[in-house]
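Fold and contact review
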Amino acid sequence: MSFIKDIFVAVIGFIAFGIFGICLICYYPFCAFKKFEEKYVRNGFYNVSLFVMTVVKFISKSFVVEFKEKDTDGPCIVVANHSSILDIVTFCSVNFKDAVFLSKGGPTRIPLMNKYLKAAGNVIFDENTSFEELCSLVQKAFNKNLKVIVFPEGTRSEDGTVKRFHKGAFLLAHKLGVPVLPVCVKGLDKTIKKNSVIVRSCDVKITVMNKIVVPDEEQVLDITRKTRQLIAEEMEK
């Protein structure tokens, strides 16, 4: 029975991601030629992501969302650990409809995803972008009352453990005067492992932690390390 269940979960996951891919392809012409306003592209991605996460909830052994922070409204820098390709669709589970991603390289090198990310108003930068220019780009998102989601590890973890956090997101939060909102994503690294397309049934928990203020630039590195530690400890619970 366990083998049959594994096959069922894998097939359902394959179908769900197939539908997700088809939806992105259908959106591509509109994104490429800017036929939709940013908010409509974001809403489209949110709805498709919500479908994928509904499937993940259905096939998971358990799926829990915990809010330690009650006030998640308004502009902030959301920082989360990054261990699965599913992380990019995770935030619809916590109703972060008003959010964009901060992205350097990675998916922006994929033509279809590149067009989509730009059309949705995500913050795209590269190694030639100065910190002042990046602050300006992020501020434009805040002016639209959006959250900016950052994966401070910079890349997906190979084994699900929380790697070293880069301090850039926390420095941005300090410079722009917004709080950091940590989110711990646990279990999705086992649902789809890195470099794999096989979907598995696992226990998943998403924890929206308490906001953190970065009051002083001298505290940026210390707060970066403490936030990483908080998420790592949440992963161990």
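See the structure printed just above.
In what follows, the accompanying structure is described. As a convention, each chain's residues are numbered from 1 in the sequence order in which they are written. Since the coordinates come from a predicted model, pLDDT governs what is reported: local features require at least 70, and pairs of side-chain atoms require 80 or more to be given and counted, while whole-chain, interface and lining totals use all residues. Just so you know, side-chain values use all the structure's heavy atoms and leave hydrogens and water out.

**Here's the deal with the overall build of the protein**
Helix numbers and strand numbers start at the N terminus; a helix is a DSSP run of H or I with at least 4 residues, a strand a run of E with at least 2. In terms of helices and strands, the protein carries eight helices and seven strands. Relative accessibility under 20% of the residue-type maximum defines a buried residue, over 50% an exposed one, and the middle range a partly exposed one, all with a 1.4 Å probe and only protein chains included. Across the 237 residues in the protein, those meeting the buried criterion constitute 47%. The contact criterion used throughout is that any non-hydrogen atoms of two residues lie within 4.5 Å. Summarising the internal contacts of the protein: among those between residues at least 6 apart in sequence, 76% fall at separations of at least 24. Surface exposure of the protein reaches about 12,400 Å², of which carbon and sulfur atoms provide 58%. Accessible surface is estimated by sampling points in the Shrake-Rupley manner with a 1.4 Å probe; for residues, cover comes only from the protein chains shown.

**Considerations on the sheet that holds strand β6 (residues 180–186)**
Here the rule is simple: two strands pair whenever DSSP picks up at least two bridges between them. Read across the sheet, seven strands follow the order β1-β7-β6-β2-β5-β3-β4 without closing on themselves; strand pairing throughout is mixed. Two strands lie at the open edges of the sheet, namely β1 (62–67) and β4 (123–125), each paired on one side alone. Within the sheet, the average angular offset between the axes of one strand and its neighbour, ignoring direction, is 20°. As judged from the four bridges shared by β6 and strand β7 (residues 203–208), these two strands associate in the antiparallel manner. In the strand pairing of β7, K186 is matched with K205. Sitting on the sheet, helix α5 (residues 131–143) touches β2 (77–80), β3 (99–104), β4 and β5 (147–150), and the angle it makes with β4 is about 170°. A fitted line through C-alpha atoms serves as each axis, taken over the contacting stretch for helices, and the angle formed by two N-to-C directions is quoted from 0 to 180°. Against the sheet, helix α8 (residues 220–236) touches β1, β2, β6 and β7, its axis set at about 30° to β6.

**Some points on the pattern of salt bridges**
Put simply, a salt bridge is a Lys or Arg side-chain nitrogen that is within 4 Å of an Asp or Glu carboxyl oxygen. Going through the model one piece at a time under the given rule, you end up with ten salt bridges. In this structure, the salt-bridge partner of E66 is K205, at a minimum N-O distance of 3.1 Å. Of this pair, E66 sits in strand β1 while K205 sits in strand β7, and the two are 139 residues apart along the sequence. For K205, a relative accessible area of 28% puts it in the partly exposed group. Look at the salt bridges and you will find they share partners, linking E66, K68, K205, E234 and K237 into a network.

**Quick word on the packing of aromatic side chains**
Aromatic ring pairs: the centre-centre distance and the angle between the two ring planes describe each pair. Aromatic pairs are defined between Phe, Tyr and Trp rings, using the six-membered ring for Trp, whenever the two ring centres lie within 6.5 Å; interplanar angles under 30 degrees are classed as stacked, those over 60 as edge-to-face, and all others as tilted. Under the counting rule described, the total for this entry stands at four aromatic pairs. Arranged with centres 6.2 Å apart and planes meeting at 70°, the rings of F91 and F101 form a pair that is edge-to-face. With F91 in the loop between α3 (87–90) and β3 and F101 in strand β3, the pair connects residues that are ten residues apart, well separated along the chain. A relative accessible area of 3% means that F91 is categorised as buried. Relative to F151, the ring of F91 lies with its centre 6.4 Å away and its plane at 45°, an arrangement referred to as tilted.

**Comments concerning the pairing of β7**
Where β1 and β7 come together, six bridges link them in parallel fashion. From the neighbouring strand, F67 faces β7, where its bridge partner is V208.

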